[in-house]
Each structure stands twice: as structure tokens, then as C-alpha cells.
Amino acid sequence: GVHRQILFTTVGWFVGYYLVKRTEYIHAKLDRELFEYVRQHPEDFKAGEKKRIGELLEDFYPVR
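Residues numbered from 1 in each chain as written. Predicted model: local features only at pLDDT ≥ 70, side-chain atom pairs only at ≥ 80, totals over all residues. Heavy atoms only, no water.

> Before we go on, may I ask you to explain the pattern of salt bridges in this structure?
Working definition: two side chains of opposite charge can pair if their charged atoms are close together. Evaluated as defined, the whole model comprises 2 salt bridges. A salt bridge links K21 to E24; the shortest N-O distance between them is 3.8 Å. With K21 and E24 both in helix α1 (residues 2–40) and 3 residues apart, the pair spans about one turn of that helix. Since its relative accessible area comes to 42%, K21 is described here as partly exposed. Given a relative accessible area of 45%, E24 falls into the partly exposed group. (Salt bridge = Lys/Arg side-chain N within 4 Å of Asp/Glu carboxyl O. Helix = DSSP H or I, 4+ residues; strand = E, 2+ residues; numbered from the N terminus. Buried < 20%, exposed > 50% of the residue type's maximum accessible area, 1.4 Å probe, protein only.)

Here's what the structure looks like:
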């Protein structure tokens, strides 16, 4: 009946909330570890020279 629908909806909402919080925690932990590694090893992550957008894109040749 209706009470089961309310129960399953409530349980589903709490499980979903827990899973979202857990994935956010895992991603935040991974980001923290990666940023710390980048901070401790700057020689591996040198900033390259800035390029203009025209240097990044290939030349366009229209096909007719």
C-alpha cells in the first residue's frame, strides 16, 4: 500500500544521500592527494608557453 511506497521512498532517499556524500568525499580526497603531489613535485608540472587559439587549431580547408 501507500505506507510501503513512503517507506521505500524514504529508504531510497537516505541511501542516495549517503552514496552522493561518499562519492563527494572520495573525489575530494583524490583531489587533495593530487594537488599535494603537484605542490611537492613542481619540476614535473612546468607551465608551458601560452599559445594563441590559431596555433592550436588546424587550418581549415573547405571541401567542395
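The discussion continues.
> Looking at this structure, how should I read the packing of aromatic side chains?
Aromatic ring pairs are described here by two measures, namely the spacing of the ring centres and the angle between the planes. On inspection of all chains with the given rule, the structure shows 3 aromatic pairs. Summarising the aromatic geometry, the rings of W13 and Y17 are spaced 5.4 Å apart at their centres and angled 10° between planes, so their arrangement reads as stacked. In this pair, W13 and Y17 both sit in helix α1, 4 residues apart, roughly one turn of the helix. Among the residues examined, W13 registers a relative accessible area of 54% and is labelled exposed. A relative accessible area of 44% places Y17 in the partly exposed class. (Phe/Tyr/Trp six-rings, centres within 6.5 Å; stacked < 30°, edge-to-face > 60°.)

> Would you mind showing me how to read the environment of T10 here?
Structurally, the position occupied by T10 is in helix α1. Assessed through its relative accessible area of 36%, T10 is described here as partly exposed.

> Could you clarify how one ought to interpret a nonpolar patch on the surface in this entry?
Judged by side-chain polarity, L7, F8, V11, V15, Y18 and L19 come together as a nonpolar surface patch covering roughly 610 Å² of accessible area. Along the chain, L7 falls in helix α1. (Patch = residues over 30% accessible without salt bridge, like charges linked within 9 Å, V, L, I, M, F, W, Y side chains within 5 Å. Areas by Shrake-Rupley, 256 points an atom, 1.4 Å probe, with all protein chains shown as cover.)

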